[in-house]
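Summary of the model geometry
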Amino acid sequence: TNINNDVKQIVCGNHHTFILKNDGSIWSCGENDYGQLGLNDTNERNVFTELYISSIDSDVKQIDCGSYHTFILYNDGTLMSCGRNNYGQLGLGNSDTNAHYTFTQATSGIKQITCGYYHNYIIKNNGTVWSCGYNSNGQLGIGTSGTNSTATTFTQVTTNINNDVKDIICGCNFTYIIKNNGSIWSCGYNNAGELGLGTTGTSANKTTFTQVS
């Protein structure tokens, strides 16, 4: 229903899904307890339903979904978010931890957005890397960790970054980056050795990016 064989991109969250069609329209379906579908309510949708975002009229570059939240990145670098925000994962600043049922502008000048479970990373047009949201195990890469260590606004990641990051991939509570030289670095939760560093256990968590060799 409502597909018409013209889908350009599909992105899945925990229990919600977005599609971007070739005509630039955005459609969503699934669980919507926190407004993650961006439809200004909390009603589930079992068929794809079109979004209407009048505040931004430029083309969509990328959609990415976290567990219960969603980001839309436009070609002009504008970044919008909606959904659950209990750890500030929408990146709206001002200590905002309220759920948002419609897409709200988070920031601008953005090249790429990557969502984890409750945390996110962006690469800005100038190559700098920033993160926000839950940081229980150091997954934000900013040198701190703990259940109270969250960031409601995007915070710059500086250690071992050097503005040479090619790509970012977020897991549940950990993060990987690929640098332009092909090297791989990781931070965050490492109980089962998911950081690839040859160590295991929560004592082996990393709060800054560490090279995987």
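Below you will find a few notes about this structure. Keep in mind that what you see is a predicted model, and the values were worked out from it rather than measured. (Residues numbered from 1 in each chain as written. Predicted model: local features only at pLDDT ≥ 70, side-chain atom pairs only at ≥ 80, totals over all residues. Heavy atoms only, no water.)

1. Concerning the overall build of the protein chain
A tally of helices and strands in the protein chain yields zero helices and 16 strands. Against the 2.2 N^0.38 benchmark of 17 Å for 213 residues, the protein chain shows a C-alpha radius of gyration of 17 Å, consistent with a compact globule. Overall, the protein chain is about 50 × 35 × 30 Å in size when its C-alpha atoms are taken along their principal axes. For the protein chain, the proportion of its 213 residues judged to be buried stands at 54%. Approximately 9400 Å² of the protein chain is accessible, and the part contributed by carbon and sulfur atoms is 41%. Computed over 10 positive and 15 negative side-chain charges, the separation of the two mean positions in the protein chain equals 10 Å. (Helix = DSSP H or I, 4+ residues; strand = E, 2+ residues; numbered from the N terminus. Rg over C-alpha atoms; globule rule 2.2 N^0.38 Å. Buried < 20%, exposed > 50% of the residue type's maximum accessible area, 1.4 Å probe, protein only. Areas by Shrake-Rupley, 256 points an atom, 1.4 Å probe, with all protein chains shown as cover. Lys, Arg positive; Asp, Glu negative; His and termini not counted. Charge placed at Lys NZ, Arg CZ, Asp CG, Glu CD.)

2. Focus: the sheet that holds strand 9 (residues 110-115)
Reading across the sheet, the four strands line up as 9-10-11-12 and stay open at both edges, with antiparallel pairing between neighbours. Edge positions in the open sheet fall to strand 9 and strand 12 (151-157), since each of these has one partner strand only. Neighbouring strand axes in the sheet, compared pairwise and without regard to direction, differ in orientation by 20° on average. (Pairing = 2+ DSSP bridges. Axes fitted to C-alpha atoms, helices over the stretch in contact; angles between N-to-C directions.)

3. A look at the nonpolar core
Among the nonpolar cores identified, the biggest contains 16 residues, and Phe18, Ile26, Ile53, Ile63, Ile72 and Phe103 are the most heavily contacted of them. Elements represented by at least two residues in this core include exactly strand 2 (16-21), strand 5 (60-65), strand 6 (69-74) and strand 7 (79-83). If you tally residues by element for this core, the top one is strand 5, at three residues. Each residue touching isoleucine 53, except ones within four places of it in the same chain, is listed here: Ile26, Ile72, Tyr74, Met80 and Phe103. With 13 residues, the next largest nonpolar core counts Leu73, Leu79, Trp130 and Cys132 among its residues. (Core = buried A, V, L, I, M, F, W, Y, C linked by side-chain atoms within 4.5 Å. Contact = heavy atoms within 4.5 Å.)

4. Describing the pairing of strand 5
Across the six residues that make up strand 5, a large majority, five, are buried. Taken together, the five bridges between strand 5 and strand 6 define a ladder with antiparallel strand orientation. In the strand pairing of strand 6, cysteine 65 is matched with threonine 70. The turn linking strand 5 back onto strand 6 is made up of three residues.

5. Considering the sheet that holds strand 8 (residues 100-107)
Two strands in a sheet stick together by hydrogen bonds in their backbones, pointing the same way (parallel) or opposite ways (antiparallel). Here four strands make up an open sheet; going across it, the order is 5-6-7-8 and the pairing antiparallel. Here the strands that pair on one side only, and so sit at the sheet edges, are strand 5 and strand 8. With direction set aside, neighbouring strand axes in the sheet form an average angle of 20°.

6. Considerations on the side chain of asparagine 135
Mapping asparagine 135 onto the fold places it in the loop between strand 11 (129-133) and strand 12. At 2.8 Å, the side chain of asparagine 135 forms a polar contact with the backbone oxygen of threonine 144. If near-sequence neighbours (up to four positions away) are discounted, asparagine 135 is found in contact with Leu140, Gly141, Ile142, Thr144, Ser145, Gly146, Ser149 and Thr150. (Polar contact = N/O pair within 3.5 Å; in protein donor to acceptor, adjacent residues only side chain to side chain.)

7. Digging into the pairing of strand 1 (residues 7-12)
When strand 1 meets strand 2, the two strands line up antiparallel, connected through five bridges. If you follow valine 7 over to strand 2, its bridge partner there is lysine 21. In this structure, the hairpin formed by strand 1 and strand 2 is closed by a connection of three residues.

8. Re the pattern of salt bridges
By the definition in use, this model includes three salt bridges. The salt bridge partner of lysine 21 is aspartate 6, with a shortest N-O separation of 4.0 Å. Residue lysine 21 is located in strand 2, and its partner aspartate 6 is located in the segment before strand 1; the two are separated by 15 residues in the primary sequence. A salt bridge links aspartate 164 to lysine 179, with the nearest nitrogen and oxygen atoms 3.9 Å apart. Here aspartate 164, found in the loop between strand 12 and strand 13 (165-170), pairs with lysine 179, found in strand 14 (residues 174-179); they are 15 residues apart in sequence, far enough to count as distant. (Salt bridge = Lys/Arg side-chain N within 4 Å of Asp/Glu carboxyl O.)

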